Amino acid sequence: MNASQGPSRASRRKLLRWGLMAPLLAGLLVGCSVLPKSAPVELYQLPSALPQPAVGTGGSAQRPESLRVTRPAAGTLLAGQRIIVLPAGDQVSHYKGAQWSEPAPLLLRNRLLDALRSDGRIAQLSSDDRMLQADFELDGELRAFQSVYRDGSPQVLLRLDLRLVRPATQRIVASRRFEQLQPAADSALPAVVSAFGQASDRLALQVADWSVEQIAQAAR
């Protein structure tokens, strides 16, 4: 067969297949161009009203021991950045279109460090971002970091189980559960976030007092 006789039977079959596939491919391309865009997400920091560390407050009031504060462990529900809400009973949901700026355990660990720095009695502080040598370590589990509805009104519930440990021996020096319940001014998300900040501040200050007391007792 020469060129004047036109395409072969196999060539005609290939052309037919491409002809049938072309509309499908074109439809897929058009569909990709009209996929809905993901909704924007608002990021919220954990607000704080803790006082700033005073300058030049060192001296005999400060403990000589060093303390490392680690990120508390958390289950799948609390380990991420979603702002969790329990609207009724055991029903679990989250505020749509909004997230924390960091995972909840990291936010709380940093708040504990802020409270200890504000307290000032333990000057040698570090975190698990850098595993520096420390005389004592705070670690534990985050059990609740969510808003709950009680009598139709939102309240923020924080629950943290903490251990004070000597890293050199892995011996638990002391342990305690800390819990805070803070009503929100209203059901709007900014008011709920503000309540998270208030509850976190109070819990962190409690942890700072307890840590200093337990370290002082362990060092006797």
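Residues numbered from 1 in each chain as written. Predicted model: local features only at pLDDT ≥ 70, side-chain atom pairs only at ≥ 80, totals over all residues. Heavy atoms only, no water.

### Structural notes on the confidence of the model for the protein chain
At step 1: Mean pLDDT over the protein chain works out to 87, with 80% of the residues at or above the 70 mark.
At step 2: For the stretch residues 24–33, pLDDT sits under 50, and the model shows one contact to residues farther than four places along the chain or on other chains. (pLDDT = per-residue confidence, 0-100. Contact = heavy atoms within 4.5 Å.)

### Structural notes on unusual backbone geometry
At step 1: If you check the backbone angles, Asp151 has positive phi at about 55° while not being a glycine.
At step 2: Secondary-structure assignment places Asp151 in the loop between β7 (136–150) and β8 (153–166).
At step 3: You will see that Gln170, though not glycine, has its phi angle at about 60°, which is positive.
At step 4: Looking at the secondary structure, you find Gln170 in the loop between β8 and β9 (171–183). (Helix = DSSP H or I, 4+ residues; strand = E, 2+ residues; numbered from the N terminus.)

### Looking at helix α2 (residues 104–119)
Because each turn of an α-helix spans 3.6 residues, side chains separated by three or four positions end up pointing in the same direction.
At step 1: Taking 1.5 Å per residue as the helical rise, α2 with its 16 residues ought to reach 22 Å, and the 23 Å between its terminal C-alpha atoms agrees with that figure.
At step 2: Summarising burial for α2: 12 of the 16 residues are buried, a large majority.
At step 3: Backbone geometry just after α2 places Gly120 at a positive phi near 85°. (Expected span 1.5 Å × (residues − 1). Buried < 20%, exposed > 50% of the residue type's maximum accessible area, 1.4 Å probe, protein only.)

### Quick look at the side chain of Ser147
At step 1: For Ser147, the location among the structural elements is in strand β7.
At step 2: Contact partners of Ser147, with chain neighbours within four places excluded, come to Ile84, Val85, Leu86, Tyr95, Gln155, Val156, Val192 and Phe196.

### Looking at the pattern of salt bridges
At step 1: Enumeration according to the criterion identifies 14 salt bridges in this entry.
At step 2: For Arg163, the salt bridge identified is with Asp139, shortest N-O distance 3.3 Å. You can see Arg163 sitting in strand β8 and its partner Asp139 sitting in strand β7, a full 24 residues away along the chain.
At step 3: Residue class for Arg163 comes out partly exposed when judged on its relative accessible area of 23%.
At step 4: Its salt-bridge partner being Arg177, residue Asp161 comes within 2.6 Å of it at the nearest N-O pair. One end of the pair, Asp161, is in strand β8; the other, Arg177, is in strand β9, and 16 residues separate them in sequence.
At step 5: When its relative accessible area of 15% is taken as the criterion, Asp161 is described as buried. (Salt bridge = Lys/Arg side-chain N within 4 Å of Asp/Glu carboxyl O.)

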